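Each chain is listed here by its residues.
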Amino acid sequence: MSELEVRELRYFIAVAEELNFSRAAQRLGMAQPPLSKAIAQLESRLGVRLLERTTRQVRLTTAGQVLLDQARIAVDAVHAAARRTRRAGQPTPQLVVAVKPGGDAGLLREILAAYRGRGSQLPPPEVVVGGSGEPIAMLRDGRADVALLRSPFDDLGLDSETLVVEPRLAVLPAAHRLAGRRRLRLADLKGEPIPRWKGAAASDTAYYTGCDGAEDSDGPLADVPEGPLVASVEQLLEVVALGQAVAFLSLSTTKLHQRPDIAYRPVTGLSPSEVMVAWPETSRSPAVAAFVQAAHDVAAHHPDQLTALTY
């Protein structure tokens, strides 16, 4: 069997995501007959059925779902390789570091200083600040070489190292019935709506809602009512302040967002937040290695903040 081509993987991804040959052909800017022929040839070469077709619908087979998952990774990797190659060939290469606001637990400036101190032969760092989900997307598609991320995140194709572990606190409206307590239990918040993060996977949602530590479906926050959909910390704080939800944020993030209409309280039994440095597992860049080592050295002087402050 010959090797799969990026072109036919792109064809298959379009059909698998649209589950409609006409829409997929339009998305690809081509006619439908050659697209249908290409998918049929792909199935023949692989020796498996990828799609179940009827006159009314198209759906993925088990094999098709596997190919879709792997094809996305492969196509992303090809695009990332091209971007990284072009950036490496620039007259003045840079080490691109991706991070979101508050995603570094206050370590970034020290890490950059430590990296610069490791030698003038290293390319200068360029920090790109993105919104929720952007740093890991930049790392995957080749726009960034290394990123500071908060867990959880999809680490497929990435290497990572934990830098800081810090507690998360409950975020409550200042007038909330529980705001007067010094410390809460997860069970105290049962029945409270909690914001959903835009684009979050199921495992991420369990973390953001405090359910990731529950041993079974009857855990402290089972069946959490859905709060508003949010895309940033600022948006999350607004819906909490308006009394539409309660939430959980890392200790370092709460220090950056002190407001009179918000109360932060420690929570017993809530999983912590981890700040990690991540890079592509295929990277052989000396600059990436130097940045990771600098991050490790800086974090070693910042003991894990496992004791939450009281407010």
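Structure first, text after, so check above.
Computed from a predicted model, the values in this text were never measured in an experiment.

**Student:** Let's hear about the nonpolar core: which residues, and what values?
**Tutor:** One finds L95, I111, Y115, L148, L163, V277 and F291 to be the most contacted residues of the largest nonpolar core, which totals 26 residues. Listing elements by their share of this core, those giving two or more residues are β3 (95-99), α5 (108-116), β5 (146-150), β6 (158-166), β13 (273-280) and α10 (286-300). Not counting chain neighbours up to four residues away, the residues in contact with L95 comprise Y115, P123, P124, P125, E126, D145, V146, A287, V288 and F291. Counting residues in each nonpolar core, the second largest holds 22 residues, with L35, V58, L60 and L68 among its members.

**Student:** Explain the pairing of strand β7 (residues 168-173) to me, and be specific about the residues and the numbers.
**Tutor:** As a general feature of sheets, a regular strand has side chains that alternate between the two faces. Among the 6 residues that make up β7, 6 are buried, leaving the element largely enclosed by the rest of the structure. As judged from the 4 bridges shared by β7 and strand β11 (residues 247-250), these two strands associate in the antiparallel manner. Bridge assignment links A170 to a residue of β11, and that residue is F248. By the bridge criterion, 5 bridges tie β7 to strand β12 (residues 262-268) in an arrangement that is antiparallel. Each residue of the ladder has a partner; that of A170, found in β12, is R265.

**Student:** Any details on the sheet that holds β11? Residues and values, ideally.
**Tutor:** The sheet built from 4 strands is open, its strands ordered β8-β12-β7-β11 with mixed pairing. Because the sheet does not close on itself, it has two edges, and the strands there are β8 (184-185) and β11. Strands in contact with helix α8 (residues 233-241) are β7, β11 and β12; relative to β11, the strand with the most contacts, it is inclined by about 140 degrees.

**Student:** Hey, could you go over the side chain of T61 for me, with residue numbers and the actual values?
**Tutor:** The topology assignment puts T61 in the loop between β2 (58-60) and α4 (62-88). Overall, the relative accessible area of 12% leaves T61 in the buried class.

**Student:** Mind laying out the packing of aromatic side chains, listing which residues take part and the relevant values?
**Tutor:** Per the counting criterion, the structure on display carries 3 aromatic pairs. Centroid distance W197 to Y208: 5.6 Å. Interplanar angle 40 degrees. Geometry classified as tilted. Of this pair, W197 sits in strand β9 (residues 194-197) while Y208 sits in helix α7 (residues 202-208), placing them 11 residues apart in sequence. On the basis of relative accessibility, which here comes to 21%, the residue Y208 falls in the partly exposed class. Stacked on the ring of W197, the Lys or Arg K100 has its end atom at 5.7 Å from the ring centre. In this structure, R168 packs its charged tip against the face of Y207, placed 3.7 Å from the ring centre.

Here is what the cut-offs are and how they apply
- Residues numbered from 1 in each chain as written.
- Predicted model: local features only at pLDDT ≥ 70, side-chain atom pairs only at ≥ 80, totals over all residues.
- Heavy atoms only, no water.
- Core = buried A, V, L, I, M, F, W, Y, C linked by side-chain atoms within 4.5 Å.
- Buried < 20%, exposed > 50% of the residue type's maximum accessible area, 1.4 Å probe, protein only.
- Helix = DSSP H or I, 4+ residues; strand = E, 2+ residues; numbered from the N terminus.
- Contact = heavy atoms within 4.5 Å.
- Pairing = 2+ DSSP bridges.
- Axes fitted to C-alpha atoms, helices over the stretch in contact; angles between N-to-C directions.
- Phe/Tyr/Trp six-rings, centres within 6.5 Å; stacked < 30°, edge-to-face > 60°.
- Lys NZ or Arg CZ within 6 Å of the ring centre and 35° of its normal.

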